[in-house]
There are 2 protein chains.
Amino acid sequence: MKNNLEIYADVDNCPIRNVLDRIGDKWSMLVLLVLNESDVLRFNEIHKVIGSISQKMLSTTLKNLEADGLIEREVYPVIPPKVEYRLTARAESLIPHLLSLAEWAKDNFIPIKQSRERFGS
Amino acid sequence: MKNNLEIYADVDNCPIRNVLDRIGDKWSMLVLLVLNESDVLRFNEIHKVIGSISQKMLSTTLKNLEADGLIEREVYPVIPPKVEYRLTARAESLIPHLLSLAEWAKDNFIPIKQSRERFGS
DNA sequence: CGGTATCCCCAACGATACTG
DNA sequence: CAGTATCGTTGGGGATACCG
């Protein structure tokens, strides 16, 4: 049996690396957390909530998350267009892990910043 | 009180974004998990375990982790040089969250890959 | 409204060579 | 052994304009 280190080191086929490459990008985790708090949102609603994201990056981020089966995209054939996004069950099973990581981050943010400053000297 | 969305969206001061920017880079999480399994390792030992990382990237990754207070660097003043790296208590409190994320990743890797293939069609 | 298309830039990353 | 220094590439990401 392969040990964990071999798995981690195999960048292309490593599950955690594949998942991290997705949620570790600039916007994916943020989009997931936003959708988690709001149940269902339209494209421009997500855009407004995040604010600093460009239309292009929001579009590609949503497409990537959809490709991974983490969000559902529902198109209403009306004019003007209406598109709704919501989390899938798969994403909902991921959310607790993201939130526990977020919790750790909040608890350790101040000391980490202090460490960085001390190190910079 | 600020709600979570405001915190997440404030990219510069958001704890989770700051932490993700570190562990979400190409090598940091891998290095943390490697050190977690081996207690203490020298520079070239980490290099050999990971294999595909360049000396330069290992060096900067270790420096970043040290700056965040996640690893300790101990230099022995001998010739040839000997430098040991180990996790700090702070990193050890992070490891469980990383492992639970890794667990989710392993459980969902196959279906996610299948979703990606279907989406590519 | 919900996107694409296009152009551009910079920082991350790798390869190689060198050093105390 | 444990790194720096230097150079070159590439692709992630932003700005802007346009479209069904």
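Below you will find a few notes about this structure. Since this is a predicted model, take the numbers as computed values, not measurements. (Residues numbered from 1 in each chain as written. Chains lettered and ligands numbered in written order. Predicted model: local features only at pLDDT ≥ 70, side-chain atom pairs only at ≥ 80, totals over all residues. Heavy atoms only, no water.)

## Points about the protein's contact with DNA strand D
Then step 1. Neighbouring DNA strand D are 19 residues; Lys56 of chain A together with Arg42, Gln55, Arg73 and Tyr85 of chain B lie closest to it.
Then step 2. Backbone atoms, meaning sugar plus phosphate, form 60% of the atoms of DNA strand D positioned within 4 Å of the protein.
Then step 3. A distance of 2.3 Å is found between a base oxygen of DNA strand D and a side-chain nitrogen or oxygen belonging to Lys56 of chain A.
Then step 4. A distance of 2.8 Å separates a phosphate oxygen of DNA strand D from a polar side-chain atom of Lys63 of chain B.
Then step 5. Mapped onto the surface near DNA strand D, the elements with two or more residues apiece are helix H5 (55–67) of chain A together with helix H4 (43–50), helix H5 (55–67) and strand S3 (82–87) of chain B.
Then step 6. If you tally residues by element for the surface near DNA strand D, the top one is H5 of chain B, at 4 residues.
Then step 7. Among the residues forming the surface near DNA strand D, the class breakdown is 8 nonpolar, 4 polar and 7 charged. (Near = heavy atom within 4 Å. Polar contact = N/O pair within 3.5 Å; in protein donor to acceptor, adjacent residues only side chain to side chain. Helix = DSSP H or I, 4+ residues; strand = E, 2+ residues; numbered from the N terminus. Nonpolar A, V, L, I, M, F, W, Y, C, P; charged D, E, K, R; others polar.)

## A closer look at the pattern of salt bridges
All names here are of chain A.
Then step 1. Going through the model one piece at a time under the given rule, you end up with 12 salt bridges over all chains.
Then step 2. Arg22 is the salt-bridge partner of Asp68, the closest N and O atoms lying 3.0 Å from each other. Note that Asp68 is positioned in the loop between H5 and strand S2 (71–76) and Arg22 in helix H2 (residues 15–23), a separation of 46 residues in sequence.
Then step 3. Arg22 gets classed as buried once you look at its relative accessible area, which sits at 17%.
Then step 4. Here Lys82 makes a salt bridge to Glu84, at a shortest N to O gap of 3.9 Å.
Then step 5. With a relative accessible area of 28%, Lys82 lands in the partly exposed category.
Then step 6. Judged by its relative accessible area of 13%, Glu84 is buried. (Salt bridge = Lys/Arg side-chain N within 4 Å of Asp/Glu carboxyl O. Buried < 20%, exposed > 50% of the residue type's maximum accessible area, 1.4 Å probe, protein only.)

## With respect to the interface of chain A and chain B
Then step 1. Chain A puts 51 residues into the contact, and the matching count from chain B is 51 residues.
Then step 2. Taken over both partners, the interface formed by chain A and chain B buries close to 4,900 Å², and the fraction arising from carbon and sulfur atoms is 68%.
Then step 3. Our count for the contact surface shared by chain A and chain B stands at 2 salt bridges.
Then step 4. Here Arg116 of chain A makes a salt bridge to Asp68 of chain B, at a shortest N to O gap of 2.6 Å.
Then step 5. Where chain A meets chain B, there are 14 residue pairs in polar contact (both at pLDDT 80 or more).
Then step 6. Of all the elements in the fold, those that place two or more residues in the side of chain A that touches chain B are helix H1 (4–9), H2, helix H3 (28–38), helix H4 (43–50), H5 and helix H6 (89–120) of chain A.
Then step 7. It is H6 of chain A that provides the largest number of residues to the side of chain A that touches chain B, a total of 19 residues. (Contact = heavy atoms within 4.5 Å. Buried area = accessible area lost by both parts, 1.4 Å probe.)

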